Amino acid sequence: MRFSKLRTFQIPGTASFRCRFIVTTCRAVVLPRFGGPHVLELRPDAPVPDLKPTEVLVRTRAVSINPLDTRMRSGYGRSIFGPLLPLILGRDISGEVAATGASVRSLSVGQEVFGALHPTAVRGTYADYAILSEDELTSKPVSISHVEASAIPFAALTAWRALKSTARIAEGQRILIVGGGGAVGFAAIQLCVATGCHVSTTCGSQSLAWILAAGAEQAVDYTSEDIESALKGNFDAVLDTIGVPDTERVGINLLKRGGHYMTLQGEAASLSDRYGLAVGLPAATAMLLKKQLQYRFSHGIEYSWTYMRADSEGLYEICKLSEAGKLKIPVEKTFPITQVREAHEAKDNRQIPGKVVLELD
Ligand SMILES: NC(=O)c1ccc[n+]([C@@H]2O[C@H](COP(=O)([O-])OP(=O)(O)OC[C@H]3O[C@@H](n4cnc5c(N)ncnc54)[C@H](OP(=O)(O)O)[C@@H]3O)[C@@H](O)[C@H]2O)c1
């Protein structure tokens, strides 16, 4: 890791200057080409760009592995990311603020923070120093470790976006979470419970007990039960984290009129990968529009593809819920960043069902 000379930033509207030691290179996991875990390279000297005014340099302590990381590594989103290689993987982060851009006001050097980059960020968080914008970070919940904190933001913000921003769930509503055993699904269950909703979910048999303990009223084992007949309809919203044709059909049939069906498996990236951005993106827009019209006409429901988005207010609420012990994502195993290939291999082979976190010393 290399440090440059002292740099100075003028504080806007004042004559005073802030001084910082800025890191110019650091250790990072670089993806030079798409492929299996073996393509990942832990490099000692990845460049650390200068901070823009709204950006924050974070000394990384822990990053969690999301399905997007392993999918990106394998080539998902190649139409977007291919021309940008080599890139650094990783969305989630927990660490400490090392430096702030000139206009950052809510965070200060030394503060413990957690947060997540948006899905298309090119310089990810698998690095000793990561750069996020101010609105992608907030104070880390003090009651949990960096490892525990790093498991939360990307999954919880994805659930937040769907439930709070799109469906605008409210107390007393009935919500179905398809795939409650995954990180997004489990975060979604806890957000619904904290809002006062009645939650049903589908999950594997090993997840049943802890999902019910988190407050879901009904958990149906998708490996042994027919979910359509086990779940009684009239839901206000369905969040489908699995998003295959069968879960989409069942989810839509179980909604009441005016309800929201939201899938995490939008087709914009896969169609763009198949046909190129110029054809794939308009094709995806046309497909989404067709489905929206079709389901509005046939079932009277709102259909959407939902994506994780930075949401500073949402992240703050997620922090408060986590602090209160109402939102957690269990971490199954940790690896040092030096074993990032082994960690990705374990996720690829489904050896570890739950969250895996990489630790940076
Ligand atoms: N659109 C976006 O912006 C966005 C953001 C985040 C994630 N995602 C996507 O959303 C999906 C979930 O992400 P995640 O982070 O929650 O993944 P995860 O933690 O790896 O969870 C996956 C879980 O899905 C469950 N599952 C598999 N097949 C199922 C089925 N037929 N019915 C019910 N549950 C089933 C399994 O739970 P059991 O252990 O209970 O069997 C598994 O643990 C991934 O495909 C990811 O790429 C999209």
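The structure we're discussing is the one just above.
Cut-offs used in this document
Residues numbered from 1 in each chain as written. Predicted model: local features only at pLDDT ≥ 70, side-chain atom pairs only at ≥ 80, totals over all residues. Helix = DSSP H or I, 4+ residues; strand = E, 2+ residues; numbered from the N terminus. Rg over C-alpha atoms; globule rule 2.2 N^0.38 Å. Buried ≥ 20, exposed ≤ 12 C-beta atoms within 10 Å, placed from the backbone. Near = placed C-beta within 6 Å. Nonpolar A, V, L, I, M, F, W, Y, C, P; charged D, E, K, R; others polar. Domains from an automatic or database assignment. Axes fitted to C-alpha atoms, helices over the stretch in contact; angles between N-to-C directions. Left-handed = near helix turned anticlockwise from the far one by under 90°. Contact = placed C-beta atoms within 7 Å. Pairing = 2+ DSSP bridges. Expected span 1.5 Å × (residues − 1).

1. A few points about the overall build of the protein
Looking only at helices and strands, the protein has 12 helices and 17 strands in total. Against the globule reference of 21 Å for 361 residues, the protein gives a C-alpha radius of gyration of 21 Å, in line with a compact fold. When each of the 361 residues of the protein is scored for burial, the buried share is 44%.

2. Topic: the site of the ligand
Around the ligand, a shell composed of 24 residues is seen, among which Pro 67, Gly 181, Gly 182, Val 184 and Gly 204 lie nearest. Listing elements by their share of the shell around the ligand, those giving two or more residues are α1 (67-74), α4 (153-166), α5 (183-195) and β11 (198-203). For the shell around the ligand, the element with the most residues is α5, which contributes 3 residues. Here the shell around the ligand is built from residues that sort into 14 nonpolar, 10 polar and no charged. Formed jointly, the shell around the ligand draws a minimum of three residues from each of two domains, domain 1 (2-151 + 330-359) and domain 2 (155-264).

3. Topic: the packing of helix α9 (residues 268-275) against helix α10 (residues 277-299)
Here α9 crosses α10 at 145°, and the two axes come no closer than 7 Å. When you trace α9 past α10, the crossing you get is right-handed. Every residue of α10 that contacts α9 at Ala 268, Leu 271, Ser 272, Asp 273, Arg 274 and Tyr 275 is listed here: Leu 277, Val 279, Gly 280, Leu 281, Ala 283 and Ala 284. A class-by-class count of the residues in the contact of α9 with α10 yields 8 nonpolar, 2 polar and 2 charged.

4. Notes on the environment of Leu 327
Considering the arrangement of structural elements, one finds Leu 327 in the loop between α11 (312-323) and β16 (331-336). Residue Leu 327 is classed as buried on the basis of its 24 C-beta neighbours within 10 Å. In this structure the C-alpha to C-alpha distance between Leu 327 and Ile 144, which are 183 residues apart in sequence, comes to 11 Å.

5. Notes on the pairing of strand β7 (residues 112-116)
When you tally the buried positions in β7, you get 4 out of 5 residues, the bulk of the element. Pairing geometry for β7 and strand β9 (residues 137-139), over 3 bridges, is antiparallel. Paired with Val 113 across the two strands is Ser 139, which belongs to β9.

6. Observations regarding the sheet that holds strand β14 (residues 255-263)
Ordered by their spatial adjacency, 6 strands build an open sheet running β12-β11-β10-β13-β14-β15, and the pairing between neighbours is parallel. Bordering the open sheet on either side are β12 (218-221) and β15 (302-305), each of which pairs with just one other strand. Strand-to-strand twist in this sheet, taken as the mean axis angle between neighbours without regard to direction, amounts to 15°. Looking at chain direction, β11 and β12 are connected through 4 bridges and run parallel. Bridge pairing links Thr 201 to Ala 219 in β12.

7. Considering α4
The terminal C-alpha atoms of α4, which comprises 14 residues, lie 18 Å apart, in line with the 20 Å expected from a rise of 1.5 Å per residue. All of the buried residues in α4 are Pro 153, Phe 154, Ala 155, Ala 156, Leu 157, Thr 158, Ala 159, Trp 160, Arg 161, Ala 162 and Leu 163. Buried-residue contacts for α4 involve β6 (92-100), β7, α5, β13 (235-240), β14 and α11. Positive phi shows up at Arg 168, right after α4, with a value of about 50°.

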